[in-house]
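A structural walkthrough
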Amino acid sequence: MLHSHCGSLDCHGQRGRNLRVYGINGLRIGGVSGTGPTTPDEYEATYRSVVVLEPEKLSRVVAEGGRGPERLTLVRKARGAEEHKGGTMAPLGSEADRCLTSWIAGALDGPACAAAAEMWPPEGF
Amino acid sequence: MSRAFALISTALLVACGDPVHTDAVDALGPEAHGVEPGPLHRPGQPCLVCHGGKGPGNLEFSVAGTVYKYADSNEPLANAIVKLVDQSGPSTIVGTNCVGNFFVQRTDFDPVFPLWTRIQLGSLDIEMSTPVFGKGSCAHCHQDSPTESSVGRIYVAPPGAELPGGSCP
């Protein structure tokens, strides 16, 4: 979900960002962008970048079973509830939003994540 | 403060307003020898650095880039159609010129990202399977060589394949 919605080379697939998403169609670690599957090292690096964004708040939300995820800047920006250059990428209640917040709650919504794993062009493209 | 002085300091402010922008423009270097600034210049470069509204190019583009025949050579693909489709519906098409460049003026098409794109020449139809999220310069991600942060040239065919109609006489 983070790859398809956030990790392009013109967004969070850039080294200079606080949130850095590594993987196939974005920034690679030792590979070539656009070629070859996302590697374990890349998942790991993305995970690290996510958890150090707001470590204390994240711990609190996780400890409380994922309640009040809007306390996290990551969730607010994805929902477009806070100024975000990339716009609203995961509107409240969307599959992408459910994927993200269920992960934080420790009860990953597999189907929502699977549905959000790719973005689809508009009809007739 | 005299009026003239005020005008001069405003001009200075404008000129030195954005050092990051100035550096980005300078980094692209001078014009290639013998090429005038215009539709055929600077193939492969991120056009919107200079045509994104902050100058020095006067025309403002929303999307622009360069299409090549093959991944591993600088041979341009001319006469191809680039389709651009805004996630919310609006779309436009534009042709590539003799150096493979194409550009869309912001006044003609001002997409809301994500933006989907495909390239067509005759029966060839190559799509970018993921959308562009924020940068109108294709070269932002498609620099000549593939790296950790570049996908390499935009190309349409395997090395050496015949591409009828894709060249300028």
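Refer to the preceding data block for the structure.
Everything in this summary refers to the structure shown in the same document. Values in this document were obtained by computation on a predicted structure and should not be read as measured data. (Residues numbered from 1 in each chain as written. Chains lettered and ligands numbered in written order. Predicted model: local features only at pLDDT ≥ 70, side-chain atom pairs only at ≥ 80, totals over all residues. Heavy atoms only, no water.)

Some details on the interface of chain A and chain B
Rules: Every residue pair with non-hydrogen atoms within 4.5 Å of one another is taken to be in contact. Using a 1.4 Å probe, buried area is obtained as the accessible area two parts lose upon being combined, added over both of them. For salt bridges, the criterion is a side-chain nitrogen of Lys or Arg within 4 Å of an Asp or Glu carboxyl oxygen. Here a polar contact is recorded for every N or O atom pair within 3.5 Å, except that within protein the pair must consist of a potential hydrogen donor and a potential acceptor, and residues adjacent in sequence are included only if both atoms are side-chain atoms. Only Asp, Glu, Lys and Arg are considered charged, only Ala, Val, Leu, Ile, Met, Phe, Trp, Tyr, Cys and Pro nonpolar, and every remaining residue, Gly among them, polar.
Opposite the 24 residues of chain A that make contact, chain B presents 22 residues. Both faces considered, chain A and chain B share a buried interface measuring about 1800 Å² in area, 65% of it formed by carbon and sulfur atoms. Taken together, chain A and chain B are joined by one salt bridge. In this structure, E148 of chain B engages R15 of chain A in a salt bridge whose closest nitrogen and oxygen atoms are separated by 2.6 Å. The interface formed by chain A and chain B contains ten residue pairs in polar contact (both at pLDDT 80 or more). Each residue belonging to the side of chain A that touches chain B can be placed in one class, and the counts come to eleven nonpolar, ten polar and three charged.

A closer look at a nonpolar patch on the surface
Just so we agree on the cut-off: Each patch is built from residues that are more than 30% exposed by relative accessible area and take part in no salt bridge. Like charges join if they lie within 9 Å; nonpolar side chains (Val, Leu, Ile, Met, Phe, Trp, Tyr) join within 5 Å. Surface accessibility follows the Shrake-Rupley procedure with a 1.4 Å probe radius. Residue values consider only the protein chains on display as shielding. By definition, any uninterrupted DSSP run of H or I lasting at least four residues is a helix, any uninterrupted run of E lasting at least two residues is a strand, and each is numbered from the N terminus.
A surface patch of nonpolar side chains, about 320 Å² in accessible area, is lined by Y47, W103 and L108 of chain A. By the secondary structure assignment, W103 of chain A is in helix 5 (residues 95-104).

Focus on empty space enclosed by the protein
To keep it simple, the criterion reads: Of the grid points, spaced at 1 Å and generated over the protein atoms alone, those admitting a 1.4 Å probe that cannot get out make up cavities, while open sets with protein on both sides within 12 Å along at least five of seven lines make up pockets; any residue with an atom within 4 Å of a point is treated as lining. Grid points are joined across faces, edges and corners, and a volume is the space filled by probe spheres set on the points.
Under the defined criterion, the tally for this structure stands at two cavities of 30 Å³ or more. Contributing to the lining of the largest cavity are V50, L53, E54, L58, L72, L74 and I104 of chain A. For the lining of the largest cavity, a count of residues per class yields six nonpolar, no polar and one charged. Roughly 50 Å³ of internal volume is contained in the second largest cavity. Residue lining of the second largest cavity: G44, G65, T66, Y68, C138, A139, H142, D144, R153 and I154 of chain B, and that is the complete set. Tallying contributions element by element places strand 1 (residues 61-70) of chain B first for the lining of the second largest cavity, with three residues. Residues that form the lining of the second largest cavity fall into these classes: four nonpolar, four polar and two charged.

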